[in-house]
Amino acid sequence: MEEHVRICHFRNHYELTRKNLMVKNLKRYRKFLERESGRLEAAKCDFFPRTFELPSEYHLFVEEFKRSPGNTWIMKPVARSQGKGIFLFRKLKDIMDWKKDGTRSEEQRDETQVESYVSQRYIENPYLISGRKFDLRVYILVTSYIPLKAWLYRDGFARFSSTRFSLSSIDDQYVHLTNVAVQKTAPDYDPEKGCKWEIQKLRRYLTAKHGSETVESLFKEIDNIFVRSLQSVQKVIINDKHCFELYGYDILLDQDLKPWLIEVNASPSLTASSQEDYEMKCRLLDDTLHIVDMEGRLTGREKRVGGFDLMWNDGPVYRDDVNLETLGVSCFPANTHLGCINDRDKQLRQLLKPFPGQKKT
Ligand code: ADP
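Residues numbered from 1 in each chain as written. Predicted model: local features only at pLDDT ≥ 70, side-chain atom pairs only at ≥ 80, totals over all residues. Heavy atoms only, no water.

By the naming in an unreviewed UniProt entry, the protein goes by Tubulin--tyrosine ligase-like protein 9 and is assigned to Clupea harengus. Word for word, the UniProt comment on the protein under Sequence similarities (unreviewed entry) is "Belongs to the tubulin--tyrosine ligase family." (UniProt positions renumbered as here; feature names shortened; annotations may be inferred.)

**Student:** A description of the sheet that holds strand E5 (residues 117-121) should follow, citing residues and the corresponding values.
**Tutor:** One open sheet holds the four strands; their spatial order is E2-E5-E3-E4, and the pairing between them is antiparallel. The outermost strands of the open sheet, each flanked by one partner alone, are strand E2 (51-54) and strand E4 (87-89). Taking each pair of neighbouring strands and ignoring which way they run, the sheet shows an average axis angle of 25°. Across three bridges, the pairing between strand E3 (residues 73-77) and E4 is antiparallel. When the sheet's bridge partners are listed, Ile74 is paired in E4 with Leu88. Here helix H4 (residues 58-67) sits on the sheet and contacts E2, E3, E4 and E5; the angle it forms with E2, its principal contact strand, is near 140°. (Pairing = 2+ DSSP bridges. Helix = DSSP H or I, 4+ residues; strand = E, 2+ residues; numbered from the N terminus. Axes fitted to C-alpha atoms, helices over the stretch in contact; angles between N-to-C directions. Contact = heavy atoms within 4.5 Å.)

**Student:** Help me get a handle on H4, residues and values and all.
**Tutor:** For H4, the full list of buried residues reads Tyr58, Phe61, Val62, Glu64 and Phe65. Seen end-on, H4 carries its buried residues on one side only, within an arc spanning 165°. In H4, the exposed residues that point more than 90 degrees away from the buried face are His59, Lys66 and Arg67. (Buried < 20%, exposed > 50% of the residue type's maximum accessible area, 1.4 Å probe, protein only. Arc of directions from axis to C-beta.)

**Student:** Describe in detail the nonpolar core, supporting the description with residues and values.
**Tutor:** Ranked by internal contacts, the top residues of the largest apolar core, which has 49 residues, are Ile140, Tyr145, Leu230 and Tyr249. Mapped onto this core, the elements with two or more residues apiece are helix H2 (19-37), strand E6 (134-144), strand E7 (149-160), helix H9 (199-210), helix H10 (212-232), strand E9 (243-253), strand E10 (259-265) and strand E12 (308-313). For this core, the element with the most residues is H10, which contributes eight residues. Setting aside residues up to four positions removed in sequence, Ile140 forms contacts with Ala150, Trp151, Leu152, Phe226, Leu230, Glu245, Leu246, Tyr247, Tyr249 and Met311. (Core = buried A, V, L, I, M, F, W, Y, C linked by side-chain atoms within 4.5 Å.)

**Student:** Which residues make up the pattern of salt bridges, and what values do they have?
**Tutor:** Once their charged atoms are close, side chains differing in charge can pair, the charge on each being opposite to the other. What the rule picks out here adds up to 25 salt bridges. The closest approach of N and O atoms between Glu64 and Arg67, which form a salt bridge, is 2.9 Å. With Glu64 and Arg67 both in helix H4 and three residues apart, this pair spans about one turn of that helix. By relative accessible area, which is 57% here, Arg67 ends up exposed. A network of salt bridges, in which partner residues are shared, links Arg50, Glu63, Glu64 and Arg67. (Salt bridge = Lys/Arg side-chain N within 4 Å of Asp/Glu carboxyl O.)

**Student:** Describe the domain arrangement of the protein, with residues and values.
**Tutor:** Considered domain by domain, the protein is made up of domain 1 (13-18 + 31-48 + 125-352) and domain 2 (50-101 + 116-122). Centre-to-centre, using C-alpha coordinates, domain 1 lies 27 Å away from domain 2. Taken together, the contact between domain 1 and domain 2 spans twelve residues of the former and 13 residues of the latter. Surface buried jointly by domain 1 and domain 2 totals about 1100 Å² across both partners, of which 56% is contributed by carbon and sulfur atoms. When the buried area of domain 1 at its contact with domain 2 is split by residue, Arg18, Ile170 and Leu177 rank highest and sum to 40% of it. In this structure, the connection of domain 1 to domain 2 is made through zero salt bridges. Taken together, the residues of the side of domain 1 that touches domain 2 sort by class into eight nonpolar, two polar and two charged. (Domains from an automatic or database assignment. Buried area = accessible area lost by both parts, 1.4 Å probe. Nonpolar A, V, L, I, M, F, W, Y, C, P; charged D, E, K, R; others polar.)

**Student:** Describe the packing of aromatic side chains, listing the residues and the values that go with them.
**Tutor:** If you walk through the whole model with that rule in mind, you get 22 aromatic pairs. For the pair Phe87 and Trp98, a centre-to-centre distance of 6.2 Å together with 40° between the ring planes defines the contact as tilted. One end of the pair, Phe87, is in strand E4; the other, Trp98, is in helix H5 (residues 96-102), and eleven residues separate them in sequence. By relative accessible area, which is 9% here, Trp98 ends up buried. When the centroid spacing of 4.9 Å and the interplanar angle of 80° are considered together, the rings of Phe226 and Tyr249 count as edge-to-face. With a gap of 23 residues between them, Phe226 in helix H10 and Tyr249 in strand E9 connect regions that are remote in the sequence. Relative accessible area serves as the criterion here: at 0%, Tyr249 is assigned to the buried category. Three or more aromatic residues joined by ring pairs make a cluster, and in this case those are Phe52, Tyr58, Phe61, Phe65, Trp73, Phe87, Phe89, Trp98 and Tyr117. Its end group placed over the ring of Phe52, Lys27 keeps NZ or CZ at 5.2 Å from the ring centre. (Phe/Tyr/Trp six-rings, centres within 6.5 Å; stacked < 30°, edge-to-face > 60°. Lys NZ or Arg CZ within 6 Å of the ring centre and 35° of its normal.)

**Student:** For unusual backbone geometry, give the residues involved together with the corresponding values.
**Tutor:** Between Leu54 and Pro55 the backbone carries a cis peptide bond, its omega angle lying at 10°. Mapped onto the elements of the fold, Pro55 is located in the loop between E2 and H4. With an omega of -5°, the peptide bond between Ile146 and Pro147 qualifies as cis. Locating Pro147 in the fold gives a position in the loop between E6 and E7. Its identity as a non-glycine residue notwithstanding, Ser130 has a phi of 50°, on the positive side. For Ser130, the position within the fold is in the loop between E5 and E6. Residues other than glycine seldom take positive phi values, yet Asp314 does so here, at roughly 60°. Checked against the element boundaries, Asp314 lands in the loop between E12 and helix H12 (344-351). What makes Asp314 exposed here is its relative accessible area of 59%.

Below you can see the structure in the form of structure tokens.
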């Protein structure tokens, strides 16, 4: 590739963005942390629901299934998206097809192979607003894996289901799946109202309800999910200076305000469901291109570019606007502002030099 070429993907991005591989890498990373730094450190990776790959881990799954009878599980095809092929179950007989495959010989398996799925503990106690379940879509831009350099976007949104949450109807996808692609087919879907809240609105709502300290600590835990999940694949992803990746993270909150990582998308939807959504996605793309910086307008030392804040640069990045001497190391505030004001226009005006011949505005 010529020096100036940039590609929006790392070659094996699927290590983080395919459901089974993400969990495999996270499990391996957790083991590594336990060995190197002990249980407490490894516990910082306990943010993904218990997951098994089927058919290959069918027997392990059955052991776990029997240990906690009555629980609800969710089956998801490893490489599909938009909620396609997903279903919930409570009985082993509902996933018989995957059992058969696990006991076949290699040749037999080739002939009638069933699709790979993950079977995952269903979060039965999601945080509800107006009785409805939602998950968060957050954007992270990675411009290098070695060293790891990751940026967090201030905007994002919560995607709500249109039907009140209940565990008595596990077959109703409008209750359990918050994908916009699913929800917009609901009979009572109102395209005017949509099913999204800006993440700023959600942060304000949570702060009013639970206080700023609780919400700060929730968002800190969400930051931890981003950093640990990227670290789990840091040595696996083929690093290349021409590549970058704009990830769409899906995070679910439970009633105890614990955030769970549901999945990471390599090609997050850029389809807009409203004017507000359209504008947000334009800002996101504009700022992504500012950081990719094909025009050479940045110094490379920036901690903020438009709506993106540098979250990790071969180590944690801290805010400039605090007196670090008065604080202990453990409470250095991270340079992350998810759901905070995104005054990007002002910041970009100060940051970017005008192009040659362009008048400064
Ligand atoms: P897809 O790639 O098809 O969008 P996801 O893994 O993102 O698949 O799941 C789709 C939706 O299903 C999520 O947005 C979430 O609402 C719900 N969901 C997925 N996994 C779980 C889980 N373990 N517990 C509760 N809800 C889940």
